[in-house]
Amino acid sequence: NVASLADVVAANRELADVELRWFGQEHFERALDADPTSPTYRSARERNQTAAEEGLSSALATTGAVALLAPTMDTAWPIDLVLGDPDVAAGYRLAAVAGATSVSVPAGRIEHLPVGVTLCAPAGHEGLILELAAFVERALAPLAPVAGAEVAQP
């Protein structure tokens with residue numbers, strides 16, 4: 001019955017001994033406490049959104065492409081209980097900040113760990129992104145291992 005960020009925070013608090021055993025939820029709580037009507041918040045959001053939109057538009061215009069394709073995330077890394085997760089490049093960030101259309105598609109495995117690719121296009125291009133995602137899934141399907149099967153390493 002989780003329908004909002006407030007629900008996630010509440011559920012985590014109820015199950016803190018399990019869900020918050022190693023890490024907190026300070027980013028979630030800061031997001032809940034943020035005032036989206038404050039001038040500081042609105043200015044930062046507008047600045048980030050404009051930069052991301054211009055970056056996406058520029059990349060597409062420069063290349064003549066209709067969408068960008070990037071790794072969704074780096075491969076998995078060991079958890080560091082002291083320093084937390086590293087700040088790694090993520091293909092979905094541009095779309096998230098710009099308010100663009102995006103989707104992540106499974107792209108196979110690296111040493112038995114799943115990896116994906118993200119397709120990103122300007123807002124309002126959901127149909128295009130879904131068509132491209134279906135194409136990429138079909139193209140990459142031969143690379144995906146069968147569930148439970150061992151992947152042969154070259």
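Above this note sits the structure.
Residues numbered from 1 in each chain as written. Predicted model: local features only at pLDDT ≥ 70, side-chain atom pairs only at ≥ 80, totals over all residues. Heavy atoms only, no water.

Asks: Account for the sheet that holds strand S3 (residues 113-121), naming residues and giving values.
Replies: With antiparallel pairing, 3 strands are arranged side by side in an open sheet as S1-S3-S2. Each edge of the open sheet carries a strand with a single partner, namely strand S1 (68-71) and strand S2 (101-110). Mean inter-strand twist for the sheet, computed between neighbouring axes without regard to direction, equals 25°. Across 4 bridges, the pairing between S1 and S3 is antiparallel. Looking at S3, one finds that Ala-70 is bridged to Thr-118. (Pairing = 2+ DSSP bridges. Helix = DSSP H or I, 4+ residues; strand = E, 2+ residues; numbered from the N terminus. Axes fitted to C-alpha atoms, helices over the stretch in contact; angles between N-to-C directions.)

Asks: How would you explain the nonpolar core if you had to name every residue and give the values?
Replies: Core analysis: the biggest nonpolar cluster contains 9 residues, these being Ala-67, Val-105, Ala-107, Val-117, Leu-119, Ala-121, Ile-129, Ala-133 and Val-136. Residue assignment for this core shows that the elements contributing at least two residues are S2, S3 and helix H6 (126-140). Excluding residues that lie within four positions of it along the chain, Val-117 makes contacts with Leu-69, Ala-70, Pro-71, Thr-72, Val-103, Ser-104, Val-105, Ala-107 and Val-136. In this structure, Leu-56, Leu-60, Ala-95 and Ala-100 belong to the second largest nonpolar core, which totals 7 residues. (Core = buried A, V, L, I, M, F, W, Y, C linked by side-chain atoms within 4.5 Å. Buried < 20%, exposed > 50% of the residue type's maximum accessible area, 1.4 Å probe, protein only. Contact = heavy atoms within 4.5 Å.)

Asks: With reference to specific residues and values, describe the environment of Glu-137.
Replies: With respect to the helices and strands, Glu-137 occurs in helix H6. Once residues within four sequence positions are removed from consideration, Glu-137 is found in contact with Val-105 and Pro-106.

Asks: Which residues make up a nonpolar patch on the surface, and what values do they have?
Replies: Together, Trp-22, Phe-23, Ile-79 and Leu-81 make up an exposed nonpolar region whose accessible area comes to about 430 Å². Examined against the element boundaries, Ile-79 turns out to sit in the loop between S1 and helix H5 (93-98). (Patch = residues over 30% accessible without salt bridge, like charges linked within 9 Å, V, L, I, M, F, W, Y side chains within 5 Å. Areas by Shrake-Rupley, 256 points an atom, 1.4 Å probe, with all protein chains shown as cover. Salt bridge = Lys/Arg side-chain N within 4 Å of Asp/Glu carboxyl O.)

Asks: Just give me the short version of the packing of helix H1 (residues 5-14) against helix H3 (residues 26-33), but keep the residues and values in it.
Replies: Two numbers describe how H1 lies on H3: the axes approach to 10 Å, and their chain directions differ by 140°. By the angle class used here, H1 and H3 are oblique. When the axes of H1 and H3 are compared, the crossing they make is left-handed. On the side of H1, the interface is formed by Leu-5, Ala-6, Val-8, Val-9, Asn-12 and Arg-13, while H3 contributes Phe-28, Glu-29, Ala-31 and Leu-32. (Parallel < 35°, antiparallel > 145°, perpendicular 65-115°, else oblique. Left-handed = near helix turned anticlockwise from the far one by under 90°.)

Asks: Before we move on, can you summarise H6 with the specific residues and values?
Replies: Given a rise of 1.5 Å per residue, 15 residues ought to cover 21 Å, and the 21 Å separating the end C-alpha atoms of H6 matches this to within 8%. If you check which residues of H6 are buried, you get Ile-129, Ala-133 and Val-136. The arc that holds every buried residue of H6, seen down its axis, measures 65°, which confines them to one face. Of the residues in H6, the exposed ones pointing more than 90 degrees away from the buried face are Leu-130, Glu-131, Phe-135 and Arg-138. As for H6, its buried residues are in contact with S2 and S3. (Expected span 1.5 Å × (residues − 1). Arc of directions from axis to C-beta.)

Asks: Describe the environment of Gly-127, naming the residues involved and giving the relevant values.
Replies: Counting through the fold element by element, Gly-127 comes out in helix H6. A residue is classified by how much of its surface remains accessible, and Gly-127, at 44% relative accessible area, is partly exposed.

Function-wise, these values are silent; they only describe arrangement.
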